[in-house]
Amino acid sequence: EFIGYDELETECQILKYRKVTAKGKEQYQLVLSRTPFYAESGGQAGDTGKLEDASRLFEYPVTDTKKENGLIIHYVDELPEELSGNFWAMVDPDKRTATENNHSATHLLHAALRQVLGKHVRQAGSLVAPDRLRFDFVHFEPLERTEIDEIERLVNDQICRNVAVQTELRATEEATASGAIALFGEKYGDRVRVVSVAGFSMELCGGTHCTATGDIGFFIVTQETGIAAGVR
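Residues numbered from 1 in each chain as written. Predicted model: local features only at pLDDT ≥ 70, side-chain atom pairs only at ≥ 80, totals over all residues. Heavy atoms only, no water.

Asks: Mind laying out the overall build of the protein, listing which residues take part and the relevant values?
Replies: Across its full length, the protein holds three helices and 12 strands. Seen along its three principal axes, the alpha-carbon backbone of the protein occupies a region of about 60 × 40 × 30 Å. In the protein, which comprises 232 residues, the proportion classed as buried is 44%. Here the contacts in the protein between residues at least 6 apart in sequence split such that 64% fall between residues at least 24 apart. With the model as given, the accessible surface of the protein reaches about 12,500 Å², and the carbon-plus-sulfur share is 49%. (Helix = DSSP H or I, 4+ residues; strand = E, 2+ residues; numbered from the N terminus. Buried < 20%, exposed > 50% of the residue type's maximum accessible area, 1.4 Å probe, protein only. Contact = heavy atoms within 4.5 Å. Areas by Shrake-Rupley, 256 points an atom, 1.4 Å probe, with all protein chains shown as cover.)

The following block contains the structure:
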């Protein structure tokens, strides 16, 4: 069970584990009964943090979180000696906050790109990490400096307004009919999570986000380049 939209810490049990070797390094992968750790998805990096035993005397760093066959997989370098009993799972709050700020910034950037360049712009990939974001989008020529300046201005204007970032579960057809942007080629169920900044941005998104645009602080484009035919 994923509870990470609302909580960053929870009591849990280890349900499954396995040892893996990658690049000559041994690691363990754990499945927990419930978890606040967001698994890498939709461009957003997986959470890091730690597990503590019930006594809270021993801790085991969680170095990454990924999805596999519908399960949330937690990566640790060391396996607890005693696997039964309760543990505490805790997300690194600073990294999560920084990642959420960058994720919300990608939504503002997407909306600004569509305003400045045209409605043909759509997301073609992204990276949302604690230290930066990268946003890939469909467009057919390099951006002019004046276009980049206007995109930055639009995003920073929304940040300065400190608008609430709202999330809600809605029926997929209702959400798309109301104008929510869906990722091209992505498959959605009957109900979807809609993330919106009133009057500016509305997208279908399963990631985690800041509570208000002012949390982002400041936005600047450091580089703009082509990565494939028709994709910047």
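Asks: Quick one: what's the story with the pattern of salt bridges, residue by residue and with numbers?
Replies: Per the counting criterion, the structure on display carries 21 salt bridges. One salt bridge connects Arg34 with Glu1, and the closest N-O pair in it is separated by 3.7 Å. Placement of Arg34 in the loop between β3 (25-32) and β4 (49-53) and of Glu1 in the segment before β1 (9-12) is noted, with a sequence separation of 33 residues between them. Its salt-bridge partner being Glu100, residue Arg96 comes within 3.2 Å of it at the nearest N-O pair. A residue pair is termed a helical-turn pair when its members lie 3 or 4 positions apart in one helix, as Arg96 and Glu100 do in helix α1 (residues 93-117) at four residues. A single burial state applies to Arg96 and to Glu100, both of which are buried. Taken together, the shared-partner salt bridges in this structure form one network comprising Glu9, Lys50, Glu52, Arg56 and Glu59. (Salt bridge = Lys/Arg side-chain N within 4 Å of Asp/Glu carboxyl O.)

Asks: With reference to specific residues and values, describe the pairing of strand β11 (residues 191-197).
Replies: In terms of burial, β11 is largely enclosed, as six of its seven residues are buried. Here seven bridges tie strand β10 (residues 165-171) to β11, and the two strands are oriented antiparallel to one another. In the strand pairing of β11, Glu168 is matched with Val194. Note: β11 against strand β12 (residues 201-204), four bridges, orientation antiparallel. Considered in β12, the bridge of Ser196 is made with Met202. (Pairing = 2+ DSSP bridges.)

Asks: Please provide a residue-by-residue account of the packing of α1 against helix α2 (residues 145-161), values included.
Replies: Where α1 meets α2, the closest approach of the two axes is 9 Å, and the angle between their N-to-C directions is 135 degrees. Overall, the two elements α1 and α2 adopt an arrangement that is oblique. The two elements α1 and α2 meet at a crossing, and its hand is right-handed. Between α1 and α2, the contacting residues are Leu108, Leu109, Ala112, Leu113, Gln115, Val116 and Leu117 on the first element and Glu147, Glu150, Ile151, Leu154, Val155, Gln158 and Ile159 on the second. Tallied by class, the residues present in the contact of α1 with α2 amount to 10 nonpolar, two polar and two charged. (Axes fitted to C-alpha atoms, helices over the stretch in contact; angles between N-to-C directions. Parallel < 35°, antiparallel > 145°, perpendicular 65-115°, else oblique. Left-handed = near helix turned anticlockwise from the far one by under 90°. Nonpolar A, V, L, I, M, F, W, Y, C, P; charged D, E, K, R; others polar.)

Asks: Summarise the packing of aromatic side chains; cite the residues concerned and give the values.
Replies: This structure, assessed with the given rule, holds two aromatic pairs. Look at Phe2 and Tyr5: their rings are 5.1 Å apart centre to centre, the planes differ by 85 degrees, and that puts the pair in the edge-to-face class. When the ring of Phe2 is compared with that of Tyr38, the centres are 6.1 Å apart and the planes differ by 70 degrees; the resulting orientation is edge-to-face. You can see Phe2 sitting in the segment before β1 and its partner Tyr38 sitting in the loop between β3 and β4, a full 36 residues away along the chain. Grouped by ring-pair contacts, the aromatic residues Phe2, Tyr5 and Tyr38 constitute a single cluster. Lying over the aromatic face of Tyr5, Arg193 brings its terminal NZ or CZ to 3.7 Å of the ring centre. (Phe/Tyr/Trp six-rings, centres within 6.5 Å; stacked < 30°, edge-to-face > 60°. Lys NZ or Arg CZ within 6 Å of the ring centre and 35° of its normal.)

Asks: I'd like a description of the sheet that holds strand β5 (residues 59-68), backed by residues and values.
Replies: Here seven strands make up an open sheet; going across it, the order is β1-β7-β4-β5-β6-β3-β2 and the pairing antiparallel. The open sheet has two edge strands, β1 and β2 (14-22), and neither has a second partner. Across the sheet, the mean angle from the axis of one strand to that of its neighbour is 35 degrees, orientation sign disregarded. Sheet topology note: the β3/strand β6 (residues 71-76) ladder contains three bridges and is antiparallel. The partner of Tyr28 across the bridge, within β6, is Val76.

Asks: Lay out the nonpolar core with the relevant residues and their values.
Replies: With 25 residues, the main nonpolar core has Leu108, Leu113, Phe137, Leu143 and Phe200 as its most contacted residues. Within the residue set of this core, elements represented by two or more residues are α1, β9 (133-137), α2 and β11. Here this core takes seven residues from α1, the largest share from any one element. Not counting the four nearest positions on each side in its chain, Phe137 is found in contact with Leu113, Leu117, Val121, Arg122, Ala124, Leu143, Gly230, Val231 and Arg232. Core analysis: the next-biggest nonpolar cluster, separate from the first, contains 14 residues, Cys12, Tyr28, Phe37 and Leu51 among them. (Core = buried A, V, L, I, M, F, W, Y, C linked by side-chain atoms within 4.5 Å.)

Read these as geometric descriptors, not functional statements.
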